[in-house]
There are 2 protein chains.
Amino acid sequence: MRAMDAATAASLAALIRKQRVAALGTLREGAPNVSLVTYLAAANFSCLRLRISRLAWHTQDLQCDAHVSLAIAQTDDGRADPQTLPRVTLRGSAAEMPEGDPAFAPLKAEWLARFPESAVTFELADFSFWSITLRDARFVAGLGRTYNLSPAELAHAARAGG
Amino acid sequence: MRAMDAATAASLAALIRKQRVAALGTLREGAPNVSLVTYLAAANFSCLRLRISRLAWHTQDLQCDAHVSLAIAQTDDGRADPQTLPRVTLRGSAAEMPEGDPAFAPLKAEWLARFPESAVTFELADFSFWSITLRDARFVAGLGRTYNLSPAELAHAARAGG
C-alpha cells in the first residue's frame, strides 16, 4: 500500500473537515447496524466526537460494545460514476465523555459553532458527548486509489490539510 | 410506533429510489465495518442489489457473515440542522447471485441503465451481484419522526411512491 502524497493527504483532511454527517456502524445483537450521526473531528484526527442520546439505538449499542466504524463520503454530486466519490472508513473505540471532563467546555463551544441548532441537546439529560479514538482508516481517494492509514498517517493528513 | 401516512411513505420511496450510494455495514473480525456501495432497490423493496468485487473487504465480510445493515441518507444540502436530513437504516441478509440465475440478465440491464460507467465490471471475473433481502427498516423522516417498518410496510411504501 503506497503512501499518500501531500495533495491526497490534504484532500482527506478536507473531506473529514467539510462533511457534517457520518454513517456510524455499531454492533446490535451481534449484527451490524448503520445510522447517521453528526460529528466533529479533533484537530489532529486522533478522534471523532459525537453528541448522541441514550435513547438512540446506536448509543445503546455503544454501551454494550465499543467497536465502531464510521464512513464519511463526499456528497453525491450526480457525476457519471458514483464509484469515484472520495470516501473514508474509520475504525475505533467509543467512550462516553463525563460532563466533568476538562475537555467538555471547549468541545461544547466548538460543537455549538458547528451545529448551532443542536443547542437544545445541552438542555436534555439524555445527550452526552462520545469520543471515538481512531485505530485505522481506509481512504478511497478515487477509483483504484485506496490507502490504508495508521493513526500516525491520519495525524500527518491533519497537518497537511489547510 | 405510528404508521406512516401516504406522503411519508412516498418520501421514503423517493429517498430509496433517488439516492445511488448507501453506507454498508458488515461484520469484520467481530466488529462493524462501514463502506460505501452503489445499490439498486427491487421495485417492491423486498431487497437491494449490489455489484461488488470479491477483492473488496465488504465482499469478504459477506462471505463470512450474511448480516448487513445499510443506511441511505438524503445528501447534505447545507441546511441549518443536518439532524433533520431524512435517512433510512435497512437490515437484512446478503446472498450472492449466481450468473446462471434467471434474474441476472434483467438485473444487468437495469444496473447498466442506472450505472453506465460500471460496464467494465461485467468484463471482470471478481465482480458479482449480491442481493440483500430486507428484514426491517428504520426511517427517520425528520426530527422526532421515526418509523420502524416491516417488509410488508416497505412493500407498501414501494407502492405509495410514484
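Predicted model, so just to flag it, every value in this text is computed and none were measured. Numbering of residues starts from 1 in each chain and follows the order in which that chain's sequence is written. Each chain takes a letter, starting from A, and each ligand takes a number, starting from 1, following the order in which they are written. It should be noted that, the model being predicted, local features are given only for residues of pLDDT at least 70 and side-chain atom pairs only at 80 or more, the latter also being counted only at that level, while totals for whole chains, interfaces and linings use all residues. Calculation of side-chain values draws on the structure's entire complement of heavy atoms; hydrogens and water are dropped beforehand.

**Concerning the overall build of chain A**
Let me state the cut-off plainly: Numbered from the N terminus, helices here are DSSP runs of H or I no shorter than four residues, and strands are runs of E no shorter than two. Atoms counted for the radius of gyration: C-alpha only. Globule rule: 2.2 Å times the number of residues to the power 0.38. Only protein chains enter the calculation, and the probe is 1.4 Å; a residue is then buried if its accessible area is under 20% of its type maximum, exposed if over 50%, and partly exposed in between. Only heavy atoms matter for contacts: two residues are in contact if any of them lie within 4.5 Å across the pair. To be clear on the numbers: accessible area is Shrake-Rupley with a 1.4 Å probe, and residue cover counts the displayed protein chains and nothing else.
Secondary structure summary: chain A contains four helices and eight strands in total. Of the regular secondary structure in chain A, the N- to C-terminal order runs α-β-β-β-β-α-β-β-α-β-β-α. Taken against the 2.2 N^0.38 rule, which gives 15 Å for 162 residues, the C-alpha radius of gyration of chain A at 16 Å falls within 12% of a compact globule. In terms of overall dimensions, chain A has a C-alpha envelope of 45 × 35 × 30 Å along the principal axes. Relative to its 162 residues, chain A shows a buried fraction of 54%. For chain A, restricting intrachain contacts to residue pairs at least 6 apart in sequence, the fraction spanning at least 24 positions comes to 65%. For chain A, the exposed area adds up to about 7,000 Å²; of that, 57% sits on carbon and sulfur atoms.

**Focus: the packing of helix H1 (residues 6-18) of chain A against helix H4 (residues 151-160) of chain A**
Residue and element names in this part refer to chain A. Counted only if it meets this: Here an angle of 0 to 180 degrees is reported between the N-to-C directions of two axes, which are lines fitted to C-alpha atoms, with helices fitted over the stretch in contact. Here is the rule for angles: anything less than 35 degrees is roughly parallel, anything more than 145 is roughly antiparallel, 65 through 115 is roughly perpendicular, and the remaining ranges are oblique. Residues were grouped as follows: Ala, Val, Leu, Ile, Met, Phe, Trp, Tyr, Cys and Pro as nonpolar; Asp, Glu, Lys and Arg as charged; and all remaining residues, including Gly, as polar.
The contact between H1 and H4 brings their axes to 8 Å, and the two run at 85°. With respect to H4, the element H1 is oriented roughly perpendicular. Contacts between H1 and H4 pair Ala 6, Ala 9, Ala 10, Leu 12, Ala 13 and Arg 17 from the former with Leu 154, Ala 157, Ala 158 and Ala 160 from the latter. Split by residue class, the contact of H1 with H4 holds nine nonpolar, no polar and one charged.

**Structural notes on the pattern of salt bridges**
Between side chains of opposite charge, a pair can form as their charged atoms come close. All names here are of chain A. The cut-off we apply is this: We define a salt bridge as a side-chain nitrogen of Lys or Arg found within 4 Å of a carboxyl oxygen belonging to Asp or Glu.
One pass over the full model with this rule turns up 12 salt bridges over all chains. Across the salt bridge formed by Arg 79 and Asp 77, the nearest N and O atoms sit 2.9 Å from each other. The shortest N-O distance in the salt bridge between Asp 136 and Arg 91 comes to 2.8 Å. Of this pair, Asp 136 sits in strand S7 (residues 127-142) while Arg 91 sits in strand S6 (residues 87-96), and the two are 45 residues apart along the sequence.

**Digging into the relation of the copies chain A and chain B**
Just so we agree on the cut-off: Superposing copies: least-squares fit, C-alpha atoms only, residues required to have pLDDT of at least 70 in both.
Expressed as a screw transformation, the operator carrying chain A onto chain B has a rotation angle of 180° and an axial translation of 0.0 Å, and the superposed copies differ by an RMSD of 0.0 Å. What the rotation and shift describe, once combined, is the action of a two-fold rotation axis.

**Concerning the pairing of strand S1 (residues 21-28) of chain A**
Regular strands have side chains that alternate between both faces of the sheet. Residues and elements named next belong to chain A. To keep things clear, this is the line we draw: Here, any two strands with at least 2 DSSP bridges between them count as paired.
Across the eight residues that make up S1, a large majority, eight, are buried. Pairing geometry for S1 and strand S2 (residues 31-38), over eight bridges, is antiparallel. Looking at the pairing, Leu 27 lines up with Pro 32 of S2. What sits between the antiparallel neighbours S1 and S2 is a turn of two residues, in which Glu 29 has the positive phi angle 50°.

**Some details on helix H1 (residues 6-18) of chain B**
Residues and elements named next belong to chain B. Which entries qualify depends on this criterion: By definition here, a helix of n residues has an expected span of 1.5 Å times n minus one. Within this analysis, the arc is defined by the directions that extend from the helix axis to the C-beta atoms.
Between its terminal C-alpha atoms H1 stretches 18 Å, which fits the 18 Å expected from 13 residues at 1.5 Å a residue. Taken together, the buried positions of H1 are occupied by Thr 8, Ala 9, Leu 12, Ala 13, Leu 15 and Ile 16. In a view along the axis of H1, the buried residues occupy a sector of 160°, so they form one face of it. Residues Ala 6, Ala 7 and Lys 18 are exposed on H1 and point more than 90 degrees away from its buried face. Along its buried surface, H1 packs onto strand S3 (40-41), strand S5 (67-73), strand S6 (87-96), strand S7 (127-142), strand S8 (145-149) and helix H4 (151-160).

**Section: the interface of chain A and chain B**
Note the cut-off: Two parts placed together each lose some accessible area under a 1.4 Å probe, and the buried area is that loss summed for both.
At the interface, 38 residues of chain A touch 38 residues of chain B. Across the chain A to chain B interface the summed buried area is about 3,200 Å²; carbon plus sulfur atoms make up 61%. When the area that chain A buries against chain B is broken down by residue, the three leading residues are Arg 20, Pro 32 and Val 34 of chain A, summing to 20%. If you look at where chain A meets chain B, you find two salt bridges. Taking the shortest distance from any N to any O, the salt bridge between Asp 76 of chain B and Arg 20 of chain A comes out at 2.8 Å.

**Remarks on the confidence of the model for chain A**
Just so we agree on the cut-off: pLDDT measures how confident the predictor is about each residue, on a scale from 0 to 100.
Averaged over all residues, the pLDDT of chain A equals 95, while 98% of them reach at least 70. Scored as a whole, the predicted complex attains pTM 0.96, and scored at its interfaces, ipTM 0.95.

**Quick word on the packing of aromatic side chains**
Definition in use: The pairing test for Phe, Tyr and Trp rings, Trp by its six-membered ring, is centres within 6.5 Å, and the orientation test on the planes gives stacked under 30 degrees, edge-to-face over 60, and tilted for anything in between. Any Lys NZ or Arg CZ that is within 6 Å of a ring centre and within 35 degrees of that ring's normal is treated as a charge sitting over the ring.
Scanning the entire structure with this criterion turns up 12 aromatic pairs over all chains. Between Phe 104 of chain B and Phe 122 of chain B the ring centres are 6.4 Å apart and the planes differ by 70°, which places this aromatic pair in the edge-to-face class. Separated by 18 residues along the polypeptide, Phe 104 of chain B in helix H3 (residues 104-114) and Phe 122 of chain B in the loop between H3 and S7 bring together distant segments of the chain. When the ring of Phe 122 of chain B is compared with that of Phe 129 of chain B, the centres are 5.8 Å apart and the planes differ by 55°; the resulting orientation is tilted. The burial state of Phe 122 of chain B is the same as that of Phe 129 of chain B; both residues are buried. Each member of the aromatic cluster is reached from another via a ring pair, and the members are Phe 104, Trp 111, Phe 115, Phe 122 and Phe 129 of chain A. We note Arg 51 of chain B situated over the ring of Phe 122 of chain B; from NZ or CZ to the ring centre the distance is 3.8 Å. Its guanidinium or amino end placed over the ring of Trp 57 of chain A, Arg 138 of chain B lies 3.9 Å from that ring's centre, counting from NZ or CZ.

**Description of the environment of Asp 81 of chain B**
Along the chain, the position of Asp 81 of chain B falls in the loop between S5 and S6. When the C-alpha atoms of Asp 81 of chain B and Gly 161 of chain B are compared, they prove to be 26 Å apart, with 80 residues separating the residues in sequence. Excluding residues within four positions of it along the chain, Asp 81 of chain B makes contact with Glu 117 of chain A together with Leu 143 of chain B.

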